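One-letter residues, chain by chain:
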Amino acid sequence: MMKKLFMTTGLILASSHLFANTMVDMKTSMGNIEIELFDDKAPVSAKNFESYVKSNFYTGTIFHRVIPGFMVQGGGLDANMIEKATKAPIVNESGNGLKNMRGTLAMARTSNPNSASSQFFINVADNSFLNKSAMDAGYAVFGKVTKGMDIVDKIVNVPTGNYGMHQNVPKQPIKIISVQIKNNK
């Protein structure tokens with residue numbers, strides 16, 4: 001019986017290691033943020049984000065929209081507020097059961113539910129109104145901050161203003177210096 005228990009425990013530990021979610025390090029001009037991608041529950045969105053990470057797309061982009069009590073958005077514009085060319089949009093996975101809670105990452109999109117590409121946001125509050133409902137397609141959560149939420153809180157509290165047609169833009173650019181995958185699958 002004891003031998004069987006050890007074998008079962010070993011298999012459980014081995015299988016949980018095989019299915020570990022991807023961990024990502026994001027270095028910003030305000031500090032570092034560690035992110036866990038929910039590969040298991042948001043495979044399309046997580047893989048999409050990971051492909052942008054692997055191509056170094058996020059290097060040199062900024063957090064271009066910062067709203068206290070709501071979220072910080074980045075991953076698509078450079079420090080001159082010029083939008084970078086992206087890959088094709090992905091399908092909205094907002095029905096995956098994950099909720100827009102403080103510290104979660106979700107895909108930014110237009111009014112078209114299936115328009116998300118590179119841009120993402122980090123919720124700085126519980127934003128249940130962004131979840132999928134009978135009346136709203138919702139915003140797909142695909143990860144969470146595991147370390148560095150204090151950095152996100154610093155980002156959301158910087159002075160902002162208007163920049164052309166953009167609102168809530170940090171007056172001093174908050175740059176994404178690099179984003180790297182920590183664990184290899």
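Refer to the structure presented above.
The model shown is predicted, which means the values in this text are computed figures rather than measured ones. Throughout this description, residue numbers start from 1 for each chain and increase along the sequence as written. In keeping with the model being predicted, local features are shown solely for residues with a pLDDT of at least 70 and side-chain atom pairs are shown and tallied solely at 80 or more, while totals for entire chains, interfaces and linings include all residues. Computation of side-chain values covers all heavy atoms of the structure but excludes hydrogens and water.

Caption draft 1: Focus on the nonpolar core. Among the buried residues, those of types Ala, Val, Leu, Ile, Met, Phe, Trp, Tyr and Cys that are joined through side-chain atoms within 4.5 Å form a nonpolar core. Working definition: with a 1.4 Å probe on protein chains only, accessible area under 20% of the residue-type maximum means buried, over 50% means exposed, and in between means partly exposed. Formed by 33 residues in total, the largest nonpolar core has its most connected members in Met26, Phe49, Tyr58, Phe63, Phe120 and Ile122. Setting aside residues up to four positions removed in sequence, Ile122 forms contacts with Phe63, Phe70, Met71, Val72, Gly103, Thr104, Leu105, Val145, Met149 and Val152. Counting ten residues, the second largest nonpolar core, distinct from the first, contains Phe38, Met71, Ala108 and Leu130. Pairs of residues are marked as contacts when any of their non-hydrogen atoms sit within 4.5 Å.

Caption draft 2: Seen up close, the pattern of salt bridges. The salt bridge definition used is simple: a Lys or Arg side-chain nitrogen within 4 Å of an Asp or Glu carboxyl oxygen. Counted under the stated rule, the structure contains six salt bridges. Here Lys144 and Glu36 are joined by a salt bridge, their closest N and O atoms 3.9 Å apart. Within this pair, whereas Lys144 is found in strand β7 (residues 141-147), its partner Glu36 is found in strand β2 (residues 31-37), the two being separated by 108 residues in sequence. Of the residues examined, Lys144 reaches a relative accessible area of 34% and is grouped as partly exposed. Since its relative accessible area comes to 17%, Glu36 is described here as buried. For Arg109, the salt bridge identified is with Asp136, shortest N-O distance 3.8 Å. On the criterion of sequence distance, the pair formed by Arg109 in the loop between β5 (104-107) and β6 (120-123) and Asp136 in the loop between β6 and β7 is long-range, its members being 27 residues apart. Looking at Arg109, the relative accessible area reads 17%, which means it is buried. The exposure class of Asp136 is partly exposed, given its relative accessible area of 30%. Taken together, the shared-partner salt bridges in this structure form one network comprising Lys47, Glu50 and Lys54. Numbered from the N terminus, helices here are DSSP runs of H or I no shorter than four residues, and strands are runs of E no shorter than two.

Caption draft 3: Looking closely at the sheet that holds β6. The antiparallel open sheet is built from eight strands, whose spatial order is β3-β4-β6-β5-β7-β2-β1-β10. Every interior strand has two partners, whereas the edge strands, β3 (61-67) and β10 (176-181), have only one. Strand-to-strand, the axes of this sheet are offset by a mean angle of 30°, without reference to chain direction. Two strands make a pair as long as DSSP finds a minimum of two bridges between them. Judged from the four bridges that link them, strand β4 (residues 71-78) and β6 form a sheet pairing that is antiparallel. What sits directly across from Met71, in β6, is Asn123. Contacting β1 (23-28), β2, β5, β6, β7 and β10, helix α2 (residues 43-54) crosses the sheet at an angle of about 120° to β10. Throughout, an axis means a line fitted to C-alpha atoms (over the contacting stretch in the case of helices), and angles, computed between N-to-C directions, take values from 0 to 180 degrees. Its contacts with the sheet put helix α3 (residues 149-156) on β1, β2, β3, β4, β6 and β7, and the angle it makes with β2 is roughly 115°.

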